[in-house]
Amino acid sequence: MRKRVMSIVTDSAAVDTPKDPTQSTIFKLYSLVASKDEIANMREEFVKGGTGYGDFKKQLFDKLWEYFEPMRRRRDEILNDKSYIDDVLARGAKRANEIADKVMGRVRQTVGLR
């Protein structure tokens, strides 16, 4: 994820140059996962200037890493509990078979096989 965030294309504005947050992919992505105060702070840093895109990308990565932490943790739990995966697959197969049996019963009746 870090590699992808750090490869976001930006313009060549100098560090000291004020930047337009409405035109920034970094800012738009950050706005999806940050609090209102954090968004306001980043907007202010963009407009004020003095912060480079590299620093904004690092802030975005940190926020994304924090935002997706619960999902990563849950994924690890699921992958480490092989019985959970088998149980989910078995329940899904049972449910699919029940539905398929009902449909096939109607099909057989309709075509006169029952």
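Owing to the predicted nature of the structure, the values given are computational and were not obtained by experimental measurement. In this numbering scheme, every chain counts its residues from 1 along its sequence in written order. Thresholds applied to this predicted model are a pLDDT of at least 70 for local features of residues and 80 or more for the giving and counting of side-chain atom pairs; totals over whole chains, interfaces and linings are not thresholded and use all residues. Water and hydrogen atoms were dropped before computing side-chain values, which therefore reflect all heavy atoms in the structure.

**Structural notes on helix H4 (residues 53-67)**
Then, number 1: Starting at the N terminus, helices and strands are each numbered in turn, a helix being any DSSP run of H or I of at least four residues and a strand any DSSP run of E of at least two. In this analysis, the expected span of each helix is defined as 1.5 Å times one less than the number of residues it contains. Taking 1.5 Å of rise per residue, the 15 residues of H4 would be expected to cover 21 Å, and the 21 Å separating its terminal C-alpha atoms lies within 8% of that figure.
Then, number 2: Within the sequence span of H4, burial applies to Tyr 53, Phe 56, Lys 57, Leu 60, Phe 61, Lys 63 and Leu 64. For H4, the angular spread of the buried residues around the axis is 165°, confining them to a single face.
Then, number 3: Where the residues of H4 are buried, they touch helix H1 (2-6), helix H2 (25-33) and helix H3 (36-48). Exposure is judged per residue with a 1.4 Å probe applied to protein chains only, and the accessible area is read against the type maximum: over 50% gives exposed, under 20% gives buried, and values in between give partly exposed. By definition, the arc is the one covered by directions from the helix axis to the C-beta atoms. Whether two residues are in contact is decided by their heavy atoms, any of which lying within 4.5 Å being enough.

**Quick look at the environment of Leu 29**
Then, number 1: With respect to the element layout, Leu 29 can be found in helix H2.
Then, number 2: A relative accessible area of 33% places Leu 29 in the partly exposed class.
Then, number 3: A C-alpha to C-alpha distance of 7.5 Å links Leu 29 and Leu 60, two positions 31 residues apart in sequence.

**Overview of the pattern of salt bridges**
Then, number 1: Only one rule defines a salt bridge in this text: a Lys or Arg side-chain nitrogen within 4 Å of an Asp or Glu carboxyl oxygen. This model, assessed by the stated rule, comprises five salt bridges.
Then, number 2: Across the salt bridge formed by Arg 72 and Glu 69, the nearest N and O atoms sit 2.4 Å from each other. Residue Arg 72 and its partner Glu 69 are located together in helix H5 (residues 69-80), separated by three residues, close to a single helical turn.
Then, number 3: Residue class for Arg 72 comes out partly exposed when judged on its relative accessible area of 21%.
Then, number 4: Judged by relative accessible area, which is 29%, Glu 69 ranks as partly exposed.
Then, number 5: One connected set of salt bridges, linked through shared partners, spans Glu 38, Lys 63 and Glu 66.

**Some words on the packing of H5 against helix H6 (residues 82-111)**
Then, number 1: The axes used here are C-alpha line fits, helices contributing only the stretch in contact, and every angle between their N-to-C directions lies in the interval 0 to 180 degrees. Following both chains from N to C, one finds H5 and H6 inclined at 85°, their axes separated by 4 Å at the closest point. Accordingly, the angle class assigned to the pair H5 and H6 is roughly perpendicular. In this structure, H5 contributes Arg 74, Ile 78, Leu 79 and Asn 80 to the contact, and H6 contributes Lys 82, Tyr 84 and Ile 85. When describing relative orientation, an angle under 35 degrees is termed roughly parallel and one over 145 degrees roughly antiparallel, while 65 to 115 degrees is termed roughly perpendicular and anything else oblique.

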